[in-house]
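Notes for the structure review
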Amino acid sequence: MDFTLNEEQRDFQQALRRFVDREIVPVASEWERTGRYPTEIVDHLKAMGLFGLTTPEEFGGLALDMVSFTLVYEEISRGWMGIAGILGSHGLSAWMIAKHGTEEQKQRFLPKLATGEWRTGVGLTEPGAGTDLQGIATTAVLDGDTYVVNGTKTWITNARHANVLPVLVKTDPKAEPRHRGMSLLLVDTSSPGFEVSRDLGKLGYKGTESCEISLVDVRVPATDLLGGVEGLGMKQALSGLEIGRLNIAGRSVGVAQAAYDAALKYAGEREAFGHPIAEFQAIALKLAEMATQLQAARLLTYWAASKADAGQRVDAESGMAKVFASETALALSLEAMRIHGGYGYSTEFVVERLYRDAPLMAIGEGTNDVLRTVIAKSLVAGTTVVG
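Residues numbered from 1 in each chain as written. Predicted model: local features only at pLDDT ≥ 70, side-chain atom pairs only at ≥ 80, totals over all residues. Heavy atoms only, no water.

Looking at an unreviewed UniProt entry, one finds the protein chain named Acyl-CoA dehydrogenase family protein, with Klenkia terrae as its source organism. Here the protein chain is described in UniProt, under the heading Sequence similarities (unreviewed entry), as follows: "Belongs to the acyl-CoA dehydrogenase family." A UniProt comment under Cofactor (unreviewed entry) is attached to the protein chain, and it reads "FAD". (UniProt positions renumbered as here; feature names shortened; annotations may be inferred.)

As structure tokens, this is what we get:
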């Protein structure tokens, strides 16, 4: 049993770390406060090939192993979690096209997505349907050789920058069970009737936009039905979210690492009663617990990713990693704030941003409470065995 990264993964991690420390950390807090879109950072991500994380090499992508995939989100989130969101939604969409698309769809979309020339995201959530995706109201009616799409999607990352957007629709609203009537359409965002209607204000997760979009009589060629067969949209989306939870787990580890780093540094520098506060037992015990939880979250995340690399289904494993790592990010960001005392509440220190970013990971890609039920069902069914 080996708990270490291989040489290629270590080199990749170090390259990411240097990039984050040089290009992201120095500007993250200021750009987040001013609402500045990180155009220059996005250009660097393109140059590094990171928009091709999940794209096969034959289409110009990196085709990273899943452990390296999580490393990307861990390292970038250590600098600024919002940047990881730009890559996350794009990579999830590209992964679904690569896994489920027709050969023609792969040839048409993936090379441009791999370079970042084209951008994408994922259009699943609606104002009235989040966790229960089967409750979506967006419809697509076939009219000759095109679908006519009507509906609203919300919390869409990359909405203002996407060229193509997979949108979950109901092609047969009367189907039972409901998921058999759901499909994914690859919507050209320049189509008449497609509109980004508003940007949503957020507690954290800034740097990238989260938008509501409306689709009014948007016509989508039938050739842009993902996979070319109706009724597979729910299955396709869930397979993507299974991998997406590794992304969220990686982001959580990155935020937790940043919180721990800030707390350890501050505790060593801040003095009270003539001593660094790290020497006081109350603070020392907090640091020890933070380090233990952080490393447990990291190893659980890498374990789940390695299961995916072995070709196994990881709905329970990625769920475990996402739940534990996101709860760790929440806990460590709060502890870091407490260790900083009043300064932890100040925008002059990074921990207040980490505290605002952390809650998203407990919600995104399936809430932690829902994922606990997914894990439990897998355990009871014997699909996942622990011990």
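There is more to say after this.
A word on empty space enclosed by the protein
For the coordinates displayed, the defined rule picks out one cavity of 30 Å³ or more. The calculated volume of the largest cavity comes to roughly 40 Å³. Lining the largest cavity, in full, are Thr54, Phe69, Gly88, Gly91, Leu92, Trp95, Gly240, Ile243, Gly244 and Asn247. Elements represented by at least two residues in the lining of the largest cavity include exactly α4 (81-100) and α6 (233-269). Counted by class, the lining of the largest cavity contains four nonpolar, six polar and no charged residues. (1 Å grid on protein atoms, 1.4 Å probe; cavity = no way out; pocket = protein on both sides within 12 Å on 5 of 7 lines; lining within 4 Å. Points joined across faces, edges and corners; volume = space filled by probe spheres on them. Helix = DSSP H or I, 4+ residues; strand = E, 2+ residues; numbered from the N terminus. Nonpolar A, V, L, I, M, F, W, Y, C, P; charged D, E, K, R; others polar.)

Examining the UniProt feature "domain: Acyl-CoA oxidase/dehydrogenase middle" (unreviewed entry) in the protein chain
Per the UniProt record, the feature "domain: Acyl-CoA oxidase/dehydrogenase middle" (unreviewed entry) sits at residues 122-218. From the first C-alpha to the last, residues 122-218 spans 17 Å; its make-up is 0% helix and 47% strand.

A closer look at the packing of α4 against α6
Contact geometry of α4 with α6 gives a least axis separation of 10 Å together with a crossing angle of 155 degrees. On the basis of their axis angle, the class for α4 and α6 is roughly antiparallel. Crossing angle aside, the handedness with which α4 passes α6 is right-handed. Residues Met81, Ala84, Gly85, Gly88, Leu92, Trp95, Met96 and His100 of α4 touch α6, and the partners they reach there are Gln236, Ala237, Ser239, Gly240, Leu241, Ile243, Asn247, Arg251 and Val255. Tallied by class, the residues present in the contact of α4 with α6 amount to nine nonpolar, seven polar and one charged. (Axes fitted to C-alpha atoms, helices over the stretch in contact; angles between N-to-C directions. Parallel < 35°, antiparallel > 145°, perpendicular 65-115°, else oblique. Left-handed = near helix turned anticlockwise from the far one by under 90°. Contact = heavy atoms within 4.5 Å.)

A look at the pattern of salt bridges
Here the structure, examined in full by the defined rule, presents 20 salt bridges. Between Glu23 and Arg22 there is a salt bridge, with the nearest N and O atoms lying 2.9 Å from each other. Among the salt bridges present, the one from Glu32 reaches Arg356, with a minimum N-O distance of 2.9 Å. On the criterion of sequence distance, the pair formed by Glu32 in helix α1 (residues 7-34) and Arg356 in helix α9 (residues 351-363) is long-range, its members being 324 residues apart. Salt bridges sharing common partners tie together Arg17, Asp21, Glu75 and Arg78. (Salt bridge = Lys/Arg side-chain N within 4 Å of Asp/Glu carboxyl O.)

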